[in-house]
Amino acid sequence: MFSSRLFCALMVAGTATVVNADTENSGSLVKVVPADDVEWGYLNPLRGVLSPGAADLWGDRTTDSATGMLVRFKQGFESPPHIHNITYRGVVIEGLMHNDDPDAQKMWMPPGSFWTQPAGEDHTTAANGDTNLIYLEIDSGPYLVKPSDEKFDNGERPLNLHETNIVWLNNSELHNIEADNVEATFVWDSDADVGGSMIKIASGFEGEISTNASEFRAVVIGGEVTYQAKGLDTEKHLEAGSYIESTGRFTHRIANDSDRVATLYIRTNSRYTVK
């Protein structure tokens with residue numbers, strides 16, 4: 001919990017709201033980026049409007065850095081066969097996405113679906129919704145597109161997890177979920193003690209996510225939430241594509257005032273609790 005000695009400074013860095021807070025045990029930091037404030041560019045700037053749009057939410061995809069970004073595709077987009085120099089993960093936010101071997105039959109993944117693309121594996125990516133938006137995450141960079149003739153086997157295998165095949169668990173099955181109207185699923189972990197999960201927050205939920213992680217990152221994948229943290233002057237309305245991060249001990253206050261379920265993807269290197 002926060003002590004009464006709370007120092008907060010609001011700073012506009014780009015369009016993000018950053019709050020510094022002094023807690024009883026350690027300094028902490030939270031950053032909030034509403035979807036409407038995301039600054040967009042191109043995934044491949046040399047191709048301009050022919051390239052998918054892209055926006056780094058954290059990190060820098062052009063450097064040797066872990067990065068989380070939004071990527072949007074026009075309806076009918078289909079890439080030529082290609083590889084990447086690094087492995088990435090994708091979560092569908094809007095539309096219908098396909099990602100598989102060049103000869104694979106299309107399996108359109110709706111919002112909430114999750115996939116991994118191993119480095120070096122030949123594949124194509126296609127989009128078939130009116131609007132198509134994904135969250136894409138890498139553990140190191142830069143994020144590069146290379147020709148298929150440079151393909152290699154890095155030992156990893158791809159995963160296409162359609163939204164209807166995801167198994168969700170509730171508070172009677174998970175020790176970190178203490179609220180009745182929240183479910184969670186774990187989608188990946190690594191040897192670096194970092195992992196990814198998603199939580200579903202039912203309509204009418206009012207509660208908090210507590211963490212003491214040195215890395216806590218959350219992206220709104222579906223629906224919308226109202227966000228508040230000690231130190232913020234006003235509530236933030238966060239729609240799909242919005243981003244939250246914190247370091248240190250922090251309590252994120254979340255409410256779902258809409259009539260639909262909200263889904264958050266969470267990347268963290270420590271346990272969090274929803275209550």
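First things first, this report covers the structure right here in the doc. (Residues numbered from 1 in each chain as written. Predicted model: local features only at pLDDT ≥ 70, side-chain atom pairs only at ≥ 80, totals over all residues. Heavy atoms only, no water.)

## Quick look at the packing of aromatic side chains
Let me state the cut-off plainly: Between the rings of Phe, Tyr and Trp (Trp by its six-membered ring), a pair exists once the centres lie within 6.5 Å; its type follows the angle of the planes, with under 30 degrees stacked, over 60 edge-to-face, and the other angles tilted. Secondary structure is summarised from DSSP: a helix means a run of H or I of at least four residues, a strand means a run of E of at least two, and numbering begins at the N terminus for each. Burial here depends on accessible area, computed with a 1.4 Å probe over protein chains only, as a share of the maximum for the residue type. Under 20% is buried, over 50% is exposed, and the range in between is partly exposed.
Summed over all chains, the structure comprises 5 aromatic pairs. Note on Tyr-135 and Tyr-265: the rings are 5.4 Å apart at their centroids and 45 degrees apart in plane angle, and the pair reads as tilted. Here Tyr-265 lies in strand 23 (residues 262-268) and Tyr-135 lies in strand 12 (residues 132-138), a separation of 130 residues in the sequence. A residue is classified by how much of its surface remains accessible, and Tyr-265, at 1% relative accessible area, is buried. Pairing Phe-216 with Tyr-272 gives two aromatic rings, centres 6.2 Å apart and planes at 75 degrees, and the pair type is edge-to-face.

## Overview of the pairing of strand 15 (residues 182-189)
Heads up, the rule is: Pairing between strands is defined by DSSP: at least two bridges between them are needed.
The sheet contact formed by strand 15 and strand 16 (residues 195-201) spans 7 bridges and is antiparallel. Across the sheet, residue Asp-189 finds its bridge partner in strand 16, namely Gly-195. The antiparallel pairing of strand 15 with strand 16 creates a hairpin that spans 5 residues between the two strands, and Asp-193 there sits at a positive phi of about 65 degrees.

## Topic: the pairing of strand 6 (residues 67-73)
Among the 7 residues in strand 6, 6 count as buried, and that is most of the element. With 5 bridges joining them, strand 5 (residues 53-58) and strand 6 adopt antiparallel strand pairing. Considered in strand 6, the bridge of Ala-54 is made with Val-71. In terms of strand pairing, strand 6 meets strand 12 through 7 bridges, oriented antiparallel. Considered in strand 12, the bridge of Phe-73 is made with Asn-132.

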